[in-house]
Amino acid sequence: MHKFSWYEAGSVEDALAKVNATVSEIVGRKPNNSSVVFKAGGVDLMDLMKEGLVNPETIVSIKSIPGLDKIEYDDKAGLRIGANATLGEIENNEIIKEKYLALHQAVAEAGTAQLRNSATLGGNLAQRTRCWYFRSIHHVCFRKGSGVCYAQHGENEFHAIINNSKCASVHASSVSTALMAFKAKVVIMDSEGKKKEVEIGDFFVHPETDEKRENILKANELITEVVIPPVTTGTKSHYIKYVARESHDWALADVAVTLEMTGGKCRRAEIVIGAAAPVPLRLDEPAKALEGHSINEKLAKKAGDIAMRNATPLAKNAYKIPVFRAIIKRAILKAV
Amino acid sequence: MKKSKDKSVRYSKSGKGISRRGFLKGAGLTTVGTVALTGGILSDVHAEERTNREVLGPDAVVISLKINGRVRSLAVEPRTTLASALRDHLGLTGTKIGCDRGACSACTVWLDGKPVNSCLTLAVEAVGKEITTIEGLGSEENLHPVQEAFIEHDASQCGFCTPAMVMTAAHFLKHNPNPDLEEVKVALRGNFCRCGTHPNVFKATIAASKKM
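For clarity, every value in this text was computed on a predicted model and none was experimentally measured. (Residues numbered from 1 in each chain as written. Chains lettered and ligands numbered in written order. Predicted model: local features only at pLDDT ≥ 70, side-chain atom pairs only at ≥ 80, totals over all residues. Heavy atoms only, no water.)

(A) Molecular detail of the sheet that holds strand β1 (residues 5-8) of chain A. All names here are of chain A. The strand order across the open sheet formed by 3 strands is β1-β3-β2, and the pairing between neighbours is parallel. Single-partner strands in this sheet number two, and they are β1 and β2 (36-39). Across this sheet, the average inter-strand angle for adjacent strands is 25°, counted without regard to direction. Here β1 pairs with strand β3 (residues 58-61) via 4 bridges, running parallel. Looking at β3, one finds that Glu-8 is bridged to Ser-61. Lying on the sheet, helix α2 (residues 43-50) is in contact with β2 and β3; it crosses β2 at an angle near 135°. (Pairing = 2+ DSSP bridges. Helix = DSSP H or I, 4+ residues; strand = E, 2+ residues; numbered from the N terminus. Axes fitted to C-alpha atoms, helices over the stretch in contact; angles between N-to-C directions. Contact = heavy atoms within 4.5 Å.)

Following this line, the structure appears as structure tokens:
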């Protein structure tokens, strides 16, 4: 890890006035590059720095900003989670556990308890992919601008099976799988003090749109909150993360399902999968298949089958297709 | 961790990139010299109300850390991790560095009472917080119940992961005084042990819960 200077910001405005680059913008830049970037929990940034992928000249800590870690709930307005709230704080929030079960489940299975005590929600959304070609300083991959995705014909067992022809990396945030199923919005503030709310699905950027970024954040912008609409009393949800190790691991496949149930029938459904494509995927057609019906095993299986219809697996990750079919079906049945 | 060549001269003289002076002007402060970073600013850093914010580093700055109830002063660069500060600067080698990436949890310490990876925490971030390491949990004369139970149940082999296992288990039992085996497994699943001592670690943790 190269040397850097350290500044603890006193406010969002203070932090935004200092920062001049996103972490993604400085991937691969040599040290002494005059870059000033944010750090919250720093779980991902420290990893990128230790690997030598990112060498900021100055780090502005936003952990010191007061009030950015609030978790508030209101029956009408829904849930607001400050960007600096740690995953551990979200995991232990009783209201989230009661009303947004799939989010609680996704957060509780992210990383280790130790990591969750440091990792913030904002940082979780802004983290970079775990693709080992991207994480390697020896590979100038598609995401680093070379036009070559080494995963296409390389070690691709953990890679994408959908929308994967240019870059087969998958987004690392399993928390966002659940947030998307609850139709969360990301609140972003810019250096002029303007705030905007972005649908979380529009927050993530596919590599075919811009290979060097995974989200829309610009250098003069900071996530301040995530807002989640209130859920109806009949809303049920469930999250499943499929991993290679039982202890803790990155998802091989994950799914979050929310079902709005009235009179034994599903009125609305949201199904979102992660670790399938370079961004978390909302599955419209499988969700539509559930709407208007009472949920049974046959229907749940159908949703899983539809979801995988257009999959284009690589040499070593076709196993993900039956895994996704199974966990989508299972999550729907568990949610009811 | 790779050590870079010392570029501090370039930072202060060449003006390449953002100089510390220029940066501080932007921050609304008027004067600063490099030496100032070891003097007056530090008292501000430690003050409860941090009104006078300054840029620290990239060279070593003197900070104070409250470790196991005792305030210790040390000179660290901002890039120094808490794990390195504890081990290399203060000789508190009970905290281990395994993967150095937050995956194995051998570096677990408590920060304000919560277990964190000290390998992913910067020493400068720990200023003003209560740090508890294995050295502060119990003493040779007066072992923590979890330490006693680990000895009694033969819960370590090579011992490298043990201090962090103990820190995690002790924190867990504080908040869950009466756990079942499944809860203990979940609580300790972040801590890797390559020798495979987990069955005895779980036994020891359950046994300790009965003594606490």
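(B) Representation of helix α5 (residues 101-108) of chain A. Burial within α5 of chain A is extensive, with 7 of its 8 residues counted as buried. Here α5 of chain A has its buried residues at Ala-102, Leu-103, His-104, Gln-105, Ala-106, Val-107 and Ala-108 of chain A. (Buried < 20%, exposed > 50% of the residue type's maximum accessible area, 1.4 Å probe, protein only.)

(C) Main features of the packing of aromatic side chains. All names here are of chain A. Across all of its chains, the model carries 5 aromatic pairs over all chains by this definition. Between the aromatic rings of Tyr-100 and Phe-182, the centroid separation amounts to 5.1 Å while the plane-to-plane angle is 75°, which identifies the pairing as edge-to-face. Of this pair, Tyr-100 sits in the loop between α4 (94-99) and α5 while Phe-182 sits in the loop between α9 (175-181) and β6 (185-190), and the two are 82 residues apart along the sequence. Like Phe-182, Tyr-100 is buried. Site record: aromatic cluster; members linked through ring pairs are Tyr-73, Tyr-100 and Phe-182. We note Lys-144 situated over the ring of Phe-134; from NZ or CZ to the ring centre the distance is 5.5 Å. (Phe/Tyr/Trp six-rings, centres within 6.5 Å; stacked < 30°, edge-to-face > 60°. Lys NZ or Arg CZ within 6 Å of the ring centre and 35° of its normal.)

(D) Just the interface of chain B and chain A, in detail. At the interface, 46 residues of chain B touch 39 residues of chain A. Regarding the contact of chain B and chain A, the summed buried area is about 3,800 Å², with carbon and sulfur atoms giving 53% of it. Counting the surface chain B buries against chain A, the share from its top three residues, Arg-53, Arg-101 and Leu-120 of chain B, is 17%. Connecting chain B to chain A are 6 salt bridges. When contributions to the side of chain B that touches chain A are tallied by element, the ones reaching two or more residues are α1 (8-13) and β4 (114-117) of chain B. No other element matches the 4 residues that β4 of chain B contributes to the side of chain B that touches chain A. Split into classes, the residues belonging to the side of chain B that touches chain A amount to 17 nonpolar, 13 polar and 16 charged. (Buried area = accessible area lost by both parts, 1.4 Å probe. Salt bridge = Lys/Arg side-chain N within 4 Å of Asp/Glu carboxyl O. Nonpolar A, V, L, I, M, F, W, Y, C, P; charged D, E, K, R; others polar.)

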